[in-house]
Amino acid sequence: MKSHARVVVIGGGVVGVSTLYHLAQKGWSDVVLVERAELTAGSTWHAAGLLPLFNMSYTVGQLHKYSIDLYKRLPSETGQDVSFHVTGNLRLATSRDRLDEYQKYCGTANTIGVPFEIIGPKRVKELWPLLELGGTADTALIIGGLYHPHDGHIAPADLTMALRKGARAKGAEIYEQTEVTAVSRTLSGEWKLTTTKGEITAEHVVCATGNYARQTGRMFGLGIPAIPVEHQYIVYEESPELKAYRQGGGRELAVMREPDQSYYLREERMGWILGPYEAGAPARFADGVPPWFGKSLFDGDLERLIPHIEGAQRRVPALANCGIKDIVNGPISYTPDGSALIGPAWGLLNVWLNEGHSFGITAAGGAGWQLAEWIVEGEPGIDLLAVDPRRFGPYTGKRYVVTKNEETYRNVFTVHYPDEERPDARPAKTSPVYEKLKRMGAVFGQRYGWERANWFAPAGIAARDDWSFRRTNWFEHVGNECRRLRERVGVIDLTPFTKHVAQGPGAEAWLDSLVANKVPTKDGRMALSHALTQRGGIRSEFTITKLGDEFFYLVSAGAAERYDTDFLAKRLPADGTVQLSNITTSRGCFALAGPRSREVLAKLTDTLLGNEAFPWLTGQAAEVGFAPDVYLLRVNFVGALGWELHFPIEYANHLFEAIFTAGEEFGIGMAGMRAMESLRMEKSYRMWGSDLTRENTPLEASLERFVRMKKGDFAGKAALERQLAAGVPNRFVTLEVHGVSDTDPLGNEPLFDGKGRMIGRATSGCYGHVLEKSLAIGYVKPEFAEVGTRIAIEILGERKDASVLVDSPYDPENKELRA
Ligand SMILES: Cc1cc2nc3c(=O)[nH]c(=O)nc-3n(C[C@H](O)[C@H](O)[C@H](O)COP(=O)(O)OP(=O)(O)OC[C@H]3O[C@@H](n4cnc5c(N)ncnc54)[C@H](O)[C@@H]3O)c2cc1C
């Protein structure tokens, strides 16, 4: 074995080998893979090999699309067949919500260029003659389906071997029977891996260890939130009906999924493979895979399978006529949200994760491609936030991950509503006023482990969501919350915000080198600032307030805590001139907003709140009620007169009571996340993570006013200069969608010109309750960005007229904010 390599990939499943392949393809030939047993010895060898293009995520959809294209060209490139059967994939629908889900998906598919067909029952039957359309007491009627003609299934081991061949052809080396047993950091900053075959030092390490992710993480001091769950499929004997159909000239049947019965069915050697996603499948190996497990499988659990077998037999009666040959029950890696972990490990330099894959055969191509790009080029080419390992935080301890992964597994086939909030492992992280909010009718959602009130059910209204792709039970009440904030005064609990302090003599210059805006130099000043990637895309967004000499307070999205801490901490100057603290959980935050907010706050503080003493976009530390050292920031995400109160967290209950007592005479009330979403869109405020991602620069996001090209150098500046010289390819717009009755845009809708050509993508959408308009925001080609331009938007399969509005259609001159 070599003693040194530029990259060592740990794990020889399909994902590790694909990462190796892509590193080598990118020209890094000094790359090595070590595998404790032999290639495919983990989950890869027993996977069913399905390659579904269907995925609701814009990011994951792109990874899967890349994989399918790669797998089709691998045989000619490597000379190794991969047994790719392009059978197509057919998903059945038996309810309107299911069809809505498919139509929602189709918007995403269109924006990433995945071909699909929405089909009716007749075409379903043509594609799958052995299936019953149903409509009886025990079998629901098929009302349509979603068909992908270009995907199918593959032989996972052959695929891995083709990737191996391609990697080796470019100089990569693979060592089997070589287990990594310990890791340490050398003085020069490299990683020394101890293996059963000796030591190897590497600049970069990639962990692609599948079911072993927990114990791999322990070697690096990481709690990786990937724990496998039992997953089964049944292999059937030959089916006489299938045989007759094929011998009669029938083509190989598409892989069929009946999500409402939670199973897939595909052909296998004139018989079938039936794979259910069952309730009750347990998480395994939470503390690590025992050494004896190796290539073992678990015993099949027929009892868990029976409801799905019966459902499948009702749909495909031929299934009842053939015997069961085998039950394969293997560990399948899962994460709490079901998406993989692809990207840098937090807190460690040059350690990369490609873990947590539950559709790893499908994802391996794309996951290897993007991770290799990140390692070699310093940036991934697409927005990977949805799979970034840092989207999870320390709250993902063992019990949490076990509970959530079991829940995610059994919900693989349930309808993925946009307003869905799953109940397990909750509440986990709560604001101190959680119980108060609950008593006020809060209907909570969960983000980054935090309970956040999405809306408040008034007395007499059930405090629960009826999830939907359309306007639903919470619509009217969210509207009332919006109007309260625009007309009177309201409070939003924003305690989950990520909060950092950067202080010290080097803090200002350091921050200035990280972000595109000018970091405030005067005490009390505030700047909305974007940290950019080297390609000029938006990596993070911080509101930076200078609250004292050499003292900067940074606020960013609640879901970005680990992501932003990792970003900042990895870039701290080595000379000790900057101290960085993450104070997220030691400060709470209430936004107090609306035309009467000044009068409410004035009752609680001696700090002068008039425009002269406390202008818009400034901050001061103040005493509020009994709470000392409250950071009062005159800013908010709803576009109203108001202040955010960032207070020592132990004063949360006191301040909450005090604000409500002071606000009573002004009709104060709570508002939730959904009201904030509607109000921010009326102001064209872009949301980090959906509207602002690494795929677009701040120039494309029309945020020039927050970019100071004339200041000193900052990350991404050169890329912005190049973009300015070449012409900014997209512009950010706010759109009014016409003719909507109950299907507001939700984000990820394609945008078209008058000739039906795609000209952009909506990144968010909702109903603007105060403007009384259905709104979308997103990116279009510059020639379509003029106010008044008419374009079309596809919502749940229907093209609607839309027109470009002025940026910030509500109060465009910010009169209310400055009032
Ligand atoms: C029953 C079943 C059916 C499935 N069907 C499908 C399907 O149809 N389509 C699909 O897309 N996905 C499917 N999957 C999921 C798929 O199998 C996995 O997502 C995929 O195989 C994961 O690949 P991987 O490379 O990440 O992990 P693995 O294949 O598990 O590989 C990890 C490797 O790391 C090695 N390793 C671990 N620790 C060390 C160490 N310290 N040193 C050296 N080596 C180490 C292991 O030996 C192992 O070989 C299925 C899974 C199951 C269980």
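Up top is the structure.
Here we summarise the structure given alongside this text.

1. Side note on the sheet that holds strand β27 (residues 587-593)
Now for step 1: The 6 strands are arranged β28-β29-β30-β27-β21-β31 in an open sheet whose pairing can be described as mixed. On the outer flanks of this sheet lie β28 (619-624) and β31 (669-670), each paired with one strand and no other.

2. With respect to the environment of Asp-299
Now for step 1: Looking at the element boundaries, Asp-299 is found in the loop between β15 (271-276) and α8 (302-315).
Now for step 2: As a C-alpha pair, Asp-299 and Leu-99 span 200 residues in sequence and 36 Å in three-dimensional space.

3. Focus on the site of the ligand
Now for step 1: In the vicinity of the ligand lie 37 residues, with Glu-35, Thr-44, Leu-50, Gly-360 and Thr-362 positioned nearest.
Now for step 2: Ser-43 has a polar backbone atom sitting 2.8 Å from an oxygen atom of the ligand.
Now for step 3: Take Thr-362: an N or O atom from its side chain is 2.8 Å from an oxygen atom of the ligand.
Now for step 4: Taken by itself the ligand offers 1,000 Å² of open surface, and the protein chains cover 98% of this.
Now for step 5: Those elements giving two or more residues to the shell around the ligand turn out to be α1 (14-25), β12 (227-236), β16 (324-334) and α9 (360-377).
Now for step 6: Of the residues that constitute the shell around the ligand, the class distribution is 16 nonpolar, 18 polar and 3 charged.

4. Some remarks on the packing of helix α12 (residues 475-487) against helix α17 (residues 673-682)
Now for step 1: Axis separation between α12 and α17 bottoms out at 8 Å; the angle between their running directions is 55°. In terms of orientation, α12 and α17 fall into the oblique class. You can see that α12 and α17 cross each other, and the crossing is right-handed. Contacts between α12 and α17 involve Val-478, Glu-481, Cys-482, Leu-485 and Arg-486 from the first element and Arg-674, Ala-675, Ser-678, Leu-679 and Glu-682 from the second.
Now for step 2: Of the residues that constitute the contact of α12 with α17, the class distribution is 5 nonpolar, 1 polar and 4 charged.

5. Overview of helix α16 (residues 652-663)
Now for step 1: Across its 12 residues, α16 extends 16 Å between first and last C-alpha, which sits within 8% of the 16 Å expected from 1.5 Å per residue.
Now for step 2: Buried within α16 are the following residues: Ala-652, Leu-655, Phe-656, Ala-658, Ile-659, Phe-660, Ala-662 and Gly-663.

6. Focus: the sheet that holds strand β5 (residues 117-119)
Across a sheet, paired strands are connected by hydrogen bonds in the backbone, their directions being either parallel or antiparallel.
Now for step 1: The 8 strands lie next to each other as β5-β6-β4-β13-β14-β15-β12-β16, forming an open sheet whose pairing is mixed. Two strands lie at the open edges of the sheet, namely β5 and β16, each paired on one side alone. Adjacent strand axes in the sheet meet at a mean angle of 20° when their direction is disregarded.
Now for step 2: Of the strand pairs in this sheet, strand β4 (residues 89-93) and strand β6 (residues 144-148) are connected by 5 bridges, and their pairing is antiparallel. By the bridge assignment, Leu-90 is partnered in β6 with Tyr-147.
Now for step 3: Taken strand by strand, helix α3 (residues 96-112) contacts β4, β5 and β6, and its axis lies near 30° from that of β6.
Now for step 4: Along the sheet, helix α10 (residues 398-410) contacts β12, β15 and β16; its crossing angle with β12, the most-contacted strand, is approximately 30°.

Definitions and cut-offs
Residues numbered from 1 in each chain as written. Predicted model: local features only at pLDDT ≥ 70, side-chain atom pairs only at ≥ 80, totals over all residues. Heavy atoms only, no water. Pairing = 2+ DSSP bridges. Helix = DSSP H or I, 4+ residues; strand = E, 2+ residues; numbered from the N terminus. Near = heavy atom within 4 Å. Polar contact = N/O pair within 3.5 Å; in protein donor to acceptor, adjacent residues only side chain to side chain. Areas by Shrake-Rupley, 256 points an atom, 1.4 Å probe, with all protein chains shown as cover. Nonpolar A, V, L, I, M, F, W, Y, C, P; charged D, E, K, R; others polar. Axes fitted to C-alpha atoms, helices over the stretch in contact; angles between N-to-C directions. Parallel < 35°, antiparallel > 145°, perpendicular 65-115°, else oblique. Left-handed = near helix turned anticlockwise from the far one by under 90°. Contact = heavy atoms within 4.5 Å. Expected span 1.5 Å × (residues − 1). Buried < 20%, exposed > 50% of the residue type's maximum accessible area, 1.4 Å probe, protein only.

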